[in-house]
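# Summary of the model geometry
Each chain is listed here by its residues.
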Amino acid sequence: TDLTGLEMANASLLDEGTAAAEAMALSLGQRKSESSNKFFVASSVHPQTLAVITERAQPLGIEIVVESVEKHRWDSSFFGGIVQYPDTHGGVIDYSDFIQKAHTAGALVTVAADILSLVLLKTPGEMGADVAIGNTQRFGVPMGFGGPHAAYMATRLEYQRRLPGRIVGVSKDRDGRKAM
């Protein structure tokens, strides 16, 4: 949560591509209209992530729109989108304005972020992102040692019921008592 700038996180997803597909599903679950069936994917997203998103979108009837961030125009037919940070070519872009335009159109935005780069870069939360996902291999687990390497997924508290995996925290039971 410190690195992503978002309120809650899970670090038990299979890999970055799977986390991206889960973020797409979270966004779909929050859509404002049944007619919103498009998901934007920045052309600078890692190709392996795009491949997983595309496969997972087919049975859900989601139309994947791949184009550059500069050319994309948000409208009510989009329920969400994903950008890469830094992108697959190494570019570092502040997506704040892009995310604001998405929110104006009623869409959620996921930032696929290199977790170690967030030690120095502006966090996805500071840019207004709704979800941040990525691979945790950069924290030093060597390749082939239990891989693929677990991915993380962070989001806002308002989406906590849509976050995949096990969520551990303090809550209240039906009688108002503290519960884990």
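Presented here is a report on the structure given in the accompanying data block. (Residues numbered from 1 in each chain as written. Predicted model: local features only at pLDDT ≥ 70, side-chain atom pairs only at ≥ 80, totals over all residues. Heavy atoms only, no water.)

### A short note on the pairing of strand E3 (residues 63–67)
Cut-off, in case you're wondering: Strand pairing is defined by DSSP finding a minimum of two bridges between the two strands. The way it works is that DSSP assigns letters per residue, a run of H or I at least four long becomes a helix, a run of E at least two long becomes a strand, and they are numbered from the N terminus.
The pairing of strand E2 (residues 38–42) with E3 spans five bridges and is parallel. The residue bridging Val41 from the neighbouring strand is Val66, located in E3.

### Some details on the pattern of salt bridges
When charged atoms on two side chains of opposite charge get close, those side chains can pair. What counts is decided by this rule: For this analysis, a salt bridge means a side-chain nitrogen from Lys or Arg found within 4 Å of a carboxyl oxygen belonging to Asp or Glu. Exposed residues in this analysis have more than 50% of their type's maximum accessible area, buried residues have under 20%, and partly exposed residues fall in between, with area computed by a 1.4 Å probe over protein chains only.
For the coordinates displayed, the defined rule picks out six salt bridges. A salt bridge links Arg156 to Asp130, with the shortest nitrogen-to-oxygen separation between them at 3.6 Å. Of this pair, Arg156 sits in the loop between strand E7 (151–155) and strand E8 (171–172) while Asp130 sits in the loop between helix H4 (124–127) and strand E6 (131–135), placing them 26 residues apart in sequence. Put simply, Arg177 and Asp175 hold a salt bridge, and the shortest N to O gap is 3.3 Å. With a relative accessible area of 54%, Asp175 lands in the exposed category. Residues joined in a network through salt bridges with shared partners are Asp173, Asp175 and Arg177.

### A closer look at the packing of aromatic side chains
To keep it simple, the criterion reads: Under the pairing criterion, centres of Phe, Tyr and Trp rings, with the six-membered ring standing for Trp, must be within 6.5 Å; the plane angle then separates stacked pairs below 30 degrees from edge-to-face pairs above 60, leaving the rest tilted.
Taken as a whole, this structure holds six aromatic pairs when the rule is applied. Plain terms: the ring middles of Phe40 and Phe98 are 5.4 Å apart, the flat faces sit at 55° to each other, and that makes the pair tilted. Of the two residues, Phe40 sits in strand E2 while Phe98 sits in helix H3 (residues 96–104), which places them 58 residues apart along the sequence. Residue Phe40 is classed as buried on the basis of its relative accessible area, which comes to 0%. Phe98 gets classed as buried once you look at its relative accessible area, which sits at 9%. Within the aromatic cluster, the residues linked to one another by ring pairs are Phe40, Trp74, Phe78 and Phe98.

### Points about the nonpolar core
What counts is decided by this rule: Throughout, nonpolar core names a set of buried Ala, Val, Leu, Ile, Met, Phe, Trp, Tyr and Cys residues whose side chains join them through atoms within 4.5 Å. Residues are treated as being in contact if the distance between any of their heavy atoms lies within 4.5 Å.
Core analysis: the biggest nonpolar cluster contains 48 residues, and Phe39, Phe40, Trp74, Ile82, Val83, Ile133 and Met153 have the highest contact counts within it. Top contributing element to this core by residue count: helix H1 (residues 16–29), with six residues. The residues contacting Phe40, other than those within four sequence positions of it, are Val65, Glu67, Ser68, Val69, His72, Trp74, Phe78, Gly80, Gly81, Ile82, Val83 and Phe98.

### Describing H1
The line we're drawing: Here a helix's expected span is defined as the number of its residues, less one, multiplied by 1.5 Å.
In a regular helix each residue adds 1.5 Å, so 14 residues correspond to 20 Å; H1 covers 20 Å between its end C-alpha atoms and thus fits that length. Most of H1 sits out of view: 11 of its 14 residues are buried. Of the residues making up H1, those classed as buried are Glu16, Gly17, Thr18, Ala19, Ala20, Ala21, Ala23, Met24, Leu26, Ser27 and Leu28.

### Remarks on the sheet that holds E2
Put simply, the rule reads: As a rule, the C-alpha atoms of each element are fitted with a line to give its axis, helices using only the stretch in contact, and angles between N-to-C directions run from 0 to 180 degrees.
With mixed pairing, seven strands are arranged side by side in an open sheet as E1-E7-E6-E5-E4-E2-E3. Of all the strands in the sheet, the pair left with one neighbour each is strand E1 (8–13) and E3. Along the sheet, successive strands turn relative to each other by an average axial angle of 20°, direction set aside. Looking at chain direction, strand E4 (residues 78–85) and strand E5 (residues 108–113) are connected through six bridges and run parallel. In the sheet register, Val83 faces E5, and the bridge partner there is Val111.

### Thoughts on the packing of H1 against helix H2 (residues 47–57)
Applied cut-off: Working rule for angles: under 35 degrees goes down as roughly parallel, over 145 as roughly antiparallel, 65 to 115 as roughly perpendicular, anything else as oblique. Crossing handedness is defined as follows: a turn of the near helix away from the far one that is anticlockwise and smaller than a right angle gives a left-handed crossing, while the clockwise case is right-handed. Lys, Arg, Asp and Glu make up the charged group, whereas Ala, Val, Leu, Ile, Met, Phe, Trp, Tyr, Cys and Pro make up the nonpolar group; the residues left over, Gly among them, are polar.
Contact geometry of H1 with H2 gives a least axis separation of 8 Å together with a crossing angle of 45°. By the angle between their directions, the pair H1 and H2 is classed as oblique. Of the two possible hands of crossing, H1 and H2 adopt the one that is right-handed. Of H2, the residues touching H1 (which contributes Glu16, Gly17, Thr18, Ala20, Ala21, Glu22 and Met24) are Thr49, Val52, Ile53, Arg56 and Ala57. Classifying every residue of the contact of H1 with H2 gives six nonpolar, three polar and three charged.

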